[in-house]
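What the coordinates show
This is what each chain is made of:
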Amino acid sequence: MTVDRRTFLRAGMAAGTTALAVGAGLLSPGRVLAAWPKNAFMATSLDDALKAMNLSGAQASSQVMVDAPDIAENGAVVSVTVKTELPDVQSITVLVPKNTMPLISSYEFGPQTEGFITSRIKMRETSDVIGVVKAGGKLHMAKKPVKVTLGGCGG
Amino acid sequence: MAKKKMKIRAWMDGDRANVKAIIFHPMETGQRKDKATGKVIPAHYITEVKCTHNGKTVLTCLWGPGVSKNPFMSFRFRGAKKGDTLKIAWVDNKGNTGEGEATIK
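Residues numbered from 1 in each chain as written. Chains lettered and ligands numbered in written order. Predicted model: local features only at pLDDT ≥ 70, side-chain atom pairs only at ≥ 80, totals over all residues. Heavy atoms only, no water.

Observations concerning the confidence of the model for chain A
Residues and elements named next belong to chain A. The pLDDT averaged across chain A works out to 77; a share of 74% of its residues lies at or above 70. Per-residue pLDDT stays below 50 along residues 20-33; that stretch engages in 21 contacts with residues further than four places along the chain or on separate chains. Within the model, the stretch residues 151-155 combines pLDDT values under 50 with three contacts to residues more than four positions away or in other chains. (pLDDT = per-residue confidence, 0-100. Contact = heavy atoms within 4.5 Å.)

Structure follows, in structure tokens:
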């Protein structure tokens, strides 16, 4: 036998777990975890994260707005809104360059969905928050500096 | 399948639907240490969230550990009407899933 027993068992177990997830899940097979770009989320530099998401080379645009507080007292909960008036928005991606893992979240939009997303993110330290918008096949970006007060003492 | 709670509000504003949702989830990054034991708390976070309206996906969220605990999100879409159902389903890095739905008001 070319496949040794251990490898064979592991493969079988992995397949079993996946089948279980699909069976229990609401998402169709192939969508479960497969679409989640692990490389991009685990990247530790902004450039690597952007590259892994195919978002390199975004141009700064006044049509993209990143709305976040000037000062965030608690870095664990920073409310960030990214919006754009651009038509045909395909995705919006939120990044914080100084976080250990800069890629925070990426939102893929349906054709009916407006270029608007609000979410709460974690920030390790004072940094820019970057919003990258993919609209009509082109990349646009904007950023907003957020000062993070450490300690959460409300200073 | 772990049963986790979720809050969804959806309402019409003119011709577009507004949606606000909170999913109750610890969103552990895997970098925090338990202060009592000094051990790293294993990563546990939502990776993918799908929002569907009448069977059509309006928003797919790909999340990393950088999204806050008990994640909140808000978005808008067109083509809905009062009484429609909006569904939100998520899956986390441990394979847990959750689902919630709301009627658009």
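Some remarks on the side chain of Ser119 of chain A
Mapped onto the elements, Ser119 of chain A comes out in strand E7 (residues 113-121). Judged by its relative accessible area of 4%, Ser119 of chain A falls in the buried class. Not counting residues within four places of it along the chain, the set of residues in contact with Ser119 of chain A comprises Val78, Ser79, Val80 and Tyr107 of chain A together with Phe72 and Met73 of chain B. (Helix = DSSP H or I, 4+ residues; strand = E, 2+ residues; numbered from the N terminus. Buried < 20%, exposed > 50% of the residue type's maximum accessible area, 1.4 Å probe, protein only.)

Observations concerning the interface of chain B and chain A
Listed as interface residues are 38 residues of chain B and, on the opposing side, 34 residues of chain A. With both sides pooled, the region where chain B packs onto chain A buries about 3,300 Å², and carbon together with sulfur makes up 56% of that total. The largest per-residue losses of area from chain B upon contact with chain A belong to Leu62, Arg76 and Arg78 of chain B, which jointly make up 20% of the total buried on that side. Summed over the shared surface of chain B and chain A, the result is two salt bridges. Glu114 of chain A is the partner of Arg16 of chain B in a salt bridge, and the nearest nitrogen-oxygen pair spans 3.1 Å. At the level of secondary structure, the elements contributing two or more residues to the side of chain B that touches chain A comprise strand E3 (46-53), strand E4 (56-63), strand E5 (72-78), strand E6 (85-92) and strand E7 (97-103) of chain B. Broken down by element, the side of chain B that touches chain A gets its largest block of residues, eight residues, from E4 of chain B. Split into classes, the residues belonging to the side of chain B that touches chain A amount to 17 nonpolar, 12 polar and nine charged. (Buried area = accessible area lost by both parts, 1.4 Å probe. Salt bridge = Lys/Arg side-chain N within 4 Å of Asp/Glu carboxyl O. Nonpolar A, V, L, I, M, F, W, Y, C, P; charged D, E, K, R; others polar.)

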